[in-house]
Amino acid sequence: MFHAQIPFDRIPHQFKSGLLCRSSQSEKDGLKKADADPSVKAVMICGENGKFSAGADIRGFSSPKRHGVALSPIVSLIESSEKPVVAAIEGVALGGGLEVALGCHYRVAHAKARMGLPEVTIGLLPGAEGTQRLPRLIGVPAALDMITTGKHIPATEALKLGLVDEIVEENTIEAAIRLANKVIGQPLEPRRLSLKPVPKLPNMEAFLREALVKVKRQARGCLAPELCVQAVRAATERPFAEGVRRERELFGLLLSSGQAQALQYAFFAERAVRRWAAPGGASWSSAAPQPVRKAAVIGLGTMGRGIVTSLVKANIPVVALEQDLEYLNKGRKAVMLLLEREAMKMEGGAQTLDFHNPARLQFTVDFDLLCDVDLVIEAVFENMALKKEIFHKLSKICKPGALLCTNTSALNIDEIASATNRPQQVIGTHFFSPAHVMRLLEIIYGRHTSPTAIATAMQLAKALKKVGVVVGNCFGFVGNRMMFPYVQQAVFLLEEGSRPEAVDQVLEDFGFKIGPFRMSDLAGLDVGWRSRKEQGLTGPSLAAGTPARQRHGQRYSPLPDLLCEQGRFGQKTGKGWYQYERAGGRTATPDPWLHDFLSQYRDTHGIQSRFIDQEEILERCLFSLINEGFAILAEGIASGPEHLDVIYINGYGWPKHRGGPMFYASTVGLPRVLAKLQKYSEAHPDVPGLRPNAFLKKLVAVRSPPLKEWMSYLSHQSPKL
Ligand SMILES: CC(C)(COP(=O)(O)OP(=O)(O)OC[C@H]1O[C@@H](n2cnc3c(N)ncnc32)[C@H](O)[C@@H]1OP(=O)(O)O)[C@@H](O)C(=O)NCCC(=O)NCCSC(=O)CC(=O)CCCCCCCCCCCCC(=O)O
Ligand SMILES: NC(=O)C1=CN([C@@H]2O[C@H](COP(=O)(O)OP(=O)(O)OC[C@H]3O[C@@H](n4cnc5c(N)ncnc54)[C@H](O)[C@@H]3O)[C@@H](O)[C@H]2O)C=CC1
């Protein structure tokens, strides 16, 4: 028995997951040699370093030197071999890697291996005949699910689906060789997927139609999932070769759509932000995290309960603390409900999470129980005095090394830290609602925060399966600070003649999961109202005689305050910018009361209502947000535009296929963004958010360099970095 072993690890050598080689001549030669050599009876294909293949090098897709990827001919060559070819799948078989395995006659996988066709997540579709072979092997519903979601499935599931023939706990390569030995001489025709028919469904047409509707609804303007369905449809309607031609056509469309570049940028941006840097040269490469063996959460309101759930899911024992027994019981019930729901989604259920065990999750009102935790996350009301009181208490009770984190959405980290005896261990860990679902964790360092504290918070993000992004300290940090001008423009547009549903529609059509008014109703209008009252912008502390629509010489809209005064807090009260079926209802309906209210408001303030088109709505909301992004970069609050983009994609529902706000600005063209801001700023000189930022102007003056070069145009090293 002879084997030809063809490893697929070529370039780039520094990447150990085994990316497919662009020039595939060596694989072709190897296969041809094996076929021609009578002493070779079977072929086994494996990867190197315990990984089969993570697919193509994604950077190659946007490279100007991109040439036709010659993977399909290799897959065909494998399949047409006269000798049995067995894939030995260890680690991952993704994208082109799995397509190679689909060309093989047999597949053996290690029990810990994962498989998938993740091309859709980078704006593409499996372009090496994967959309044609997979449905033939595992049927249309399962194939469509894998191809349109890009999910990685474990070997056990792959076995159930029939994607692999065998799974092994031990040596996969030896098992593949054993299988190859067994099948020598058996007919190969039935193992050639291109020759198999696609398994029929009684209701194929209806199934595909519904699948298309579903992916379109979820994709919010992202093309790839829809084109994946079209490619699979081709497999059901056409002979293999024609299906392949259709797949190629659709792949070409996606490649040139612009969305693929945006999604690939987002893939690398998410990885780039792991390499954080902070003042004084501290960085990911030098700072080591502290272990977090036990944590505490203070405040079990909207955020605290999600944070506890996240920690329990990550297997970190938690002490959950509230201000009194009434709040504690309410919080406990809410946490238990969330955990039960999470457990139902997991294999092994409640036993895996073990949240009924007090050693894993303890509820208390006693601060003394926090004496042995490694990390505390404070999530009490957004009130500086309260937060300082709590941090003062924590610095007395917690053990010396414990990290003290605050979930504040905007308050000054340094001021909170000043209430402690260990400002170097105080850090912002800003979760997003719902905290057990949203992937973003904005990590805010203060003036004294130590590199160890930052590294520990980043490590925590990883343990919670979140994307940690390290940023500097300023009001609203990065995400909320960019959100303020965006929401402000949305409200100004109402004053000038628009309606909440019109503004939301434009931004939802752009791809946001939810427009600014629906979002505000969901979060609760009272949250911002409380903060504005604390800032003295409204309420009893507002100086008498302050003009209704002006604060500190700038335009101000009292509209949200007026709604709050009417008890319209959004979903929770059943009325806000929209009306709902009941208090706590979810279905937003345009509200005639609000339309009348807006008309009266305009009359009261002598505002001439005008029609505002979609372009103006989109540009004023997005460009003011982007403008603030340039200010943040110039001030050194974030190390690069990728940070802002990762924050917006993972925390604010920005459509990923548009790459994040700063990437989007680069695709619109910085000169256009600047020109539009100039135009709107001239029309609204009392709105600073529309005044083009100096950094944006500078980039345009130097002919809009590519995004990755922007930071090198900052003339001074920012004090924050
Ligand atoms: C692999 C992972 C699961 C590993 O995860 P983890 O261990 O958590 O590590 P990471 O931090 O994620 O990654 C480490 C490091 O590696 C980099 N990296 C990972 N994957 C890739 C990759 N695929 N390419 C490049 N670099 C990669 C990552 O960035 C990290 O480095 P750092 O950034 O420096 O920190 C996980 O990484 C993962 O899931 N990766 C993605 C896997 C994936 O998406 N694979 C699919 C790729 S696409 C593909 O395979 C498609 C094909 O091969 C088909 C090609 C056929 C095309 C045929 C075309 C014919 C049609 C012609 C029409 C043409 C028309 C025309 O020309 O116009
Ligand atoms: N709600 C949201 O969407 C987001 C809120 N945040 C921030 O998270 C923090 C918490 O916000 P929410 O959860 O929305 O507030 P919330 O009002 O829902 O909950 C706050 C909880 O803190 C408890 N609490 C108050 N004083 C306490 C004390 N002395 N000891 C123990 N517990 C005490 C309250 O009883 C209450 O249950 C705030 O700083 C907020 O700005 C951050 C991101 C998003």
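Each remark here, short or long, concerns the structure printed above.
Thresholds applied
- Residues numbered from 1 in each chain as written.
- Chains lettered and ligands numbered in written order.
- Predicted model: local features only at pLDDT ≥ 70, side-chain atom pairs only at ≥ 80, totals over all residues.
- Heavy atoms only, no water.
- Near = heavy atom within 4 Å.
- Polar contact = N/O pair within 3.5 Å; in protein donor to acceptor, adjacent residues only side chain to side chain.
- Areas by Shrake-Rupley, 256 points an atom, 1.4 Å probe, with all protein chains shown as cover.
- Nonpolar A, V, L, I, M, F, W, Y, C, P; charged D, E, K, R; others polar.
- Pairing = 2+ DSSP bridges.
- Helix = DSSP H or I, 4+ residues; strand = E, 2+ residues; numbered from the N terminus.
- Axes fitted to C-alpha atoms, helices over the stretch in contact; angles between N-to-C directions.
- Contact = heavy atoms within 4.5 Å.
- Parallel < 35°, antiparallel > 145°, perpendicular 65-115°, else oblique.
- Buried < 20%, exposed > 50% of the residue type's maximum accessible area, 1.4 Å probe, protein only.
- Phe/Tyr/Trp six-rings, centres within 6.5 Å; stacked < 30°, edge-to-face > 60°.
- Lys NZ or Arg CZ within 6 Å of the ring centre and 35° of its normal.
- Expected span 1.5 Å × (residues − 1).
- Arc of directions from axis to C-beta.
- Patch = residues over 30% accessible without salt bridge, like charges linked within 9 Å, V, L, I, M, F, W, Y side chains within 5 Å.
- Salt bridge = Lys/Arg side-chain N within 4 Å of Asp/Glu carboxyl O.
- Lys, Arg positive; Asp, Glu negative; His and termini not counted.
- Charge placed at Lys NZ, Arg CZ, Asp CG, Glu CD.

1. Section: the site of ligand 2
Next up, step 1: Every one of the 23 residues lining ligand 2 counts as a neighbour, but Met-303, Glu-322, Glu-382, Lys-387 and Ser-409 are closest to it.
Next up, step 2: Gln-323 places a side-chain nitrogen or oxygen 2.8 Å from an oxygen atom of ligand 2.
Next up, step 3: Interatomic distance of 3.3 Å between a backbone N/O atom of Val-380 and an oxygen atom of ligand 2.
Next up, step 4: Protein chains shield 84% of the accessible area of ligand 2, which is 820 Å² for the free molecule.
Next up, step 5: Residues of the shell around ligand 2, tallied by class, amount to 11 nonpolar, nine polar and three charged.

2. A few points about the sheet that holds strand S13 (residues 403–406)
Each strand in a sheet pairs with another by means of backbone hydrogen bonds, the pair being arranged parallel or else antiparallel.
Next up, step 1: As summarised here, the arrangement of the eight strands in space is S11-S10-S9-S12-S13-S14-S15-S16, forming an open sheet in which the pairing is mixed. If you trace the sheet from one side to the other, it starts and ends with strand S11 (361–364) and strand S16 (467–471), each paired once. Strand-to-strand twist in this sheet, taken as the mean axis angle between neighbours without regard to direction, amounts to 25°.
Next up, step 2: Bridge count between S13 and strand S14 (residues 426–431): three bridges; the pairing is parallel. Directly across from Leu-404, in S14, lies its bridge partner Val-426.
Next up, step 3: Helix H13 (residues 325–345) contacts strand S10 (318–321) and S11 of the sheet and is inclined by roughly 160° relative to S11.
Next up, step 4: Set on the sheet, helix H15 (residues 384–397) makes contact with strand S9 (295–298), strand S12 (375–378), S13 and S14; between it and S13 the angle comes to about 170°.

3. Overview of the sheet that holds strand S4 (residues 92–94)
Next up, step 1: Taken in spatial order, the three strands line up as S4-S6-S7 in an open sheet, and their pairing is mixed. Either end of the sheet is taken by a strand with one partner, and the two such strands are S4 and strand S7 (153–154).
Next up, step 2: Where strand S6 (residues 114–116) lies against S7, two bridges are found, and the strand directions are antiparallel. Residue pairing across strands places Arg-114 opposite Pro-154, the latter belonging to S7.

4. Topic: the packing of helix H24 (residues 614–634) against helix H28 (residues 694–701)
Next up, step 1: Orientation of H24 relative to H28, taken along the N-to-C sense of each, is 90°, at an axis distance of 7 Å. If you check the angle between H24 and H28, you find them roughly perpendicular. Between H24 and H28, the residues in contact are Asn-627, Phe-630, Leu-633 and Ala-634 and Phe-695, Leu-696 and Leu-699, respectively.
Next up, step 2: Residues of the contact of H24 with H28, tallied by class, amount to six nonpolar, one polar and no charged.

5. Structural notes on the environment of Gln-614
Next up, step 1: With respect to the element layout, Gln-614 can be found in helix H24.
Next up, step 2: You can call Gln-614 exposed: its relative accessible area is 58%.
Next up, step 3: For the pair Gln-614 and Ala-502, spaced 112 residues apart in sequence, the C-alpha separation works out to 8.3 Å.

6. Considering unusual backbone geometry
Next up, step 1: Looking along the chain, the bond that leaves Ser-433 and enters Pro-434 is cis, with omega of -5°.
Next up, step 2: Take Pro-434: it is sitting in the loop between S14 and strand S15 (440–445).
Next up, step 3: Positive phi, normally seen in glycine, also occurs at Arg-220, with a value near 45°.
Next up, step 4: Position of Arg-220 among the secondary structure elements: in the loop between helix H8 (204–219) and helix H9 (223–237).
Next up, step 5: With a relative accessible area of 25%, Arg-220 lands in the partly exposed category.
Next up, step 6: Even without being a glycine, His-552 presents a positive backbone phi close to 50°.

7. Observations regarding helix H26 (residues 661–668)
Helical geometry: 3.6 residues make up each α-helical turn, so side chains three or four residues apart lie on a common side.
Next up, step 1: Residues Pro-661, Met-662, Phe-663, Tyr-664 and Ala-665 constitute the buried set of H26.
Next up, step 2: Immediately downstream of H26, the backbone of Gly-669 shows phi near 105°, a positive value.

8. Brief notes about the packing of aromatic side chains
Next up, step 1: With the rule as written, the count across this model stands at 17 aromatic pairs.
Next up, step 2: Judged by centre distance (5.2 Å) and plane angle (75°), the ring pair of Phe-432 and Tyr-652 falls under edge-to-face. Taken together, the residues Phe-432 in the loop between S14 and S15 and Tyr-652 in the loop between helix H25 (641–651) and H26 connect sequence positions 220 residues apart.
Next up, step 3: Residue classification places Phe-432 among the buried positions, given a relative accessible area of 6%.
Next up, step 4: Summarising the aromatic geometry, the rings of Phe-512 and Trp-654 are spaced 5.3 Å apart at their centres and angled 80° between planes, so their arrangement reads as edge-to-face. Linking Phe-512 in the loop between helix H19 (500–510) and helix H20 (516–523) with Trp-654 in the loop between H25 and H26, this pair joins segments that are 142 residues apart in sequence. Across the pair, exposure class does not vary: Phe-512 and Trp-654 are buried alike.
Next up, step 5: One aromatic cluster is present, built from ring pairs that chain together Tyr-486, Phe-510, Phe-512, Trp-654 and Tyr-664.
Next up, step 6: Positioned above the aromatic ring of Phe-267, the side-chain terminus of Arg-271 is 3.7 Å from the ring centre.
Next up, step 7: The side chain of Lys-533 reaches across the aromatic face of Trp-529, ending 3.5 Å from its centre.

9. Considering the environment of Ile-514
Next up, step 1: Tracing the backbone through its elements, the reader meets Ile-514 in the loop between H19 and H20.
Next up, step 2: Taking the relative accessible area as the measure of exposure, Ile-514 reaches 28% and is therefore partly exposed.
Next up, step 3: Expressed as a C-alpha distance, the spacing of Ile-514 and Gln-678, which sit 164 residues apart in the sequence, is 28 Å.
Next up, step 4: Aside from chain neighbours lying at most four places away, what touches Ile-514 is Glu-508, Met-519 and Leu-522.

10. Examining H15
Next up, step 1: Between its terminal C-alpha atoms H15 stretches 20 Å, which fits the 20 Å expected from 14 residues at 1.5 Å a residue.
Next up, step 2: Inspection of H15 places Met-384, Lys-387, Ile-390, Phe-391, Leu-394, Ser-395 and Ile-397 among the buried residues, and these make up the whole buried set. With its buried residues spanning 165° around the axis, H15 presents them on a single face. Residues of H15 that are exposed and point more than 90 degrees away from the buried face comprise Ala-385, Glu-389 and Lys-396.

11. Description of the pairing of strand S2 (residues 42–46)
Remember that side chains alternate between the two faces of the sheet whenever the strand is regular.
Next up, step 1: Most of S2 is tucked away: five of the five residues are buried.
Next up, step 2: Going residue by residue along S2, you find Ala-42, Met-44 and Cys-46 tucked away on one face and Val-43 and Ile-45 tucked away on the opposite face as well.
Next up, step 3: Pairing of S2 with strand S3 (residues 85–89) involves four bridges; the strand directions are parallel. Its bridge partner being in S3, Ile-45 is matched across the sheet by Ala-87.

12. Some remarks on a positive patch on the surface
Next up, step 1: Taken together, Arg-59, Arg-274, Arg-275 and Lys-462 make up a surface patch of like positive charges.
Next up, step 2: Relative to the elements of secondary structure, Arg-59 occurs in the loop between S2 and helix H2 (72–80).

Purely geometric numbers; function is a separate question.
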